[in-house]
Amino acid sequence: MRKALVTGSSRGIGRAIALELARRGYALAVHYASNPQAAEATAEEARGLGAAHVVVLGADLSQPQAAQRLVAEAHAALGGLEVLVNNAGITRDTLLIRMKDEDWDTVLATNLTAVFHTTREAIKLMMRARWGRVVNISSVVGLLGNAGQANYVAAKAGLIGFTRSVAKEYAGRGITVNAVAPGFIESDMTAKLPEGVVSEYLRQIPAGRLGRPEEVAKAVAFLVSEDAAYITGQTLCVDGGLTPH
């Protein structure tokens, strides 16, 4: 029975990842930043799907000590920690000349620096076991860029470089580190977009549709499985063919 922490798993892609791991019998730590009710709902559904054990943990990941403490709490509550999925993220979108220092600092702290803190703590635990899986949820915008998201794109691009470096450091210890870069995925945010904006997105996607959170979750579940033991340092785009390779 593997034990996993999924950050930002109260909703969206993180929730789908937690539920997919639950179906596969993982013990889970469901993390939330500000909505414990949503996290509890995810946890309850995960239990119903067959998760071995589920705990709910809150933490403001923009705070280094909180990010480090989250890993320790997950380890203690689950009796181990072999899988870390760094999914939590925020946006503060605006054009560069209008972007405040706080917009930049908060996004980088939550989306990139927090991953440094959680991964560093988790890797220490994985090294002792000589087995571990880390998956960082990046984005296709980290590869393509996106107007109005300089802070978010910088963080997501940074995750890809971080992933490659850490993968090289610990591949010999039985630990794999990979990134998943979702494209345009069905979400609360995309549901609120004007029809014309969605049509423009669809025009760019060879598959001709938005992705589903469950499709991202299945990619993550593969990367944390034994089947992906020889895959590390990679970025897997789940984007319907949007990103050129």
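Predicted model, so just to flag it, every value in this text is computed and none were measured.

Basis of the calculations
- Residues numbered from 1 in each chain as written.
- Predicted model: local features only at pLDDT ≥ 70, side-chain atom pairs only at ≥ 80, totals over all residues.
- Heavy atoms only, no water.
- Pairing = 2+ DSSP bridges.
- Helix = DSSP H or I, 4+ residues; strand = E, 2+ residues; numbered from the N terminus.
- Axes fitted to C-alpha atoms, helices over the stretch in contact; angles between N-to-C directions.
- UniProt positions renumbered as here; feature names shortened; annotations may be inferred.
- Buried < 20%, exposed > 50% of the residue type's maximum accessible area, 1.4 Å probe, protein only.
- Expected span 1.5 Å × (residues − 1).
- Contact = heavy atoms within 4.5 Å.
- Core = buried A, V, L, I, M, F, W, Y, C linked by side-chain atoms within 4.5 Å.

> Break down the sheet that holds strand β7 (residues 235-238) for me, with residues and values.
Spatial strand order, β3-β2-β1-β4-β5-β6-β7: 7 strands in an open sheet with parallel pairing. Bordering the open sheet on either side are β3 (53-58) and β7, each of which pairs with just one other strand. Averaged over all adjacent pairs, the angle separating strand axes in this sheet is 15 degrees, with direction ignored. For strand β4 (residues 83-86) and strand β5 (residues 132-137), the ladder comprises 4 bridges, and the chain directions are parallel.

> Provide a residue-level description of the UniProt feature "domain: Ketoreductase" (unreviewed entry) in the protein chain, including the pertinent values.
In the numbering used here, UniProt assigns the "domain: Ketoreductase" (unreviewed entry) feature to residues 2-183. Across residues 2-183, helical content stands at 52% and strand content at 19%; the span's end C-alpha atoms are separated by 28 Å.

> Can you break down the environment of Asp227 residue by residue, with the values?
Position of Asp227 among the secondary structure elements: in the loop between α9 (213-223) and β7. Assessed through its relative accessible area of 66%, Asp227 is described here as exposed. Taking C-alpha positions, Asp227 is 29 Å from Leu57, a pair spaced 170 residues apart along the chain.

> Outline helix α6 (residues 150-170), listing residues and values.
When the terminal C-alpha atoms of α6 are compared, their 30 Å separation across 21 residues agrees well with the 30 Å that a helix rising 1.5 Å per residue should span. Among the residues of α6, those classed as buried are Asn151, Tyr152, Val153, Ala155, Lys156, Leu159, Ile160, Phe162, Thr163, Val166, Ala167 and Tyr170.

> Just give me the short version of the environment of Ala18, but keep the residues and values in it.
Assignment of secondary structure puts Ala18 in helix α1 (residues 12-23). Sequence separation of Ala18 and His53 is 35 residues, and the distance between their C-alpha atoms is 12 Å. Setting aside its immediate chain neighbours within four residues, Ala18 contacts Val6, Ser9, Leu28 and Thr42.

> Residue-level account of the nonpolar core, with values.
In this structure, Ile17, Leu21, Leu28, Val180 and Val220 are the most contacted members of the largest nonpolar core, which totals 34 residues. For this core, the secondary structure elements donating two or more residues are β1 (3-6), α1, β2 (27-32), α2 (36-49), β4, β5 and α9. Element by element, the count of residues in this core is highest for α1, at 7 residues. Beyond its immediate sequence surroundings of up to four residues, Ile17 is in contact with Val6, Val85, Asn87, Ile137, Ala217 and Val220. Core analysis: the next-biggest nonpolar cluster, separate from the first, contains 30 residues, Ala66, Leu70, Val115 and Ile175 among them.

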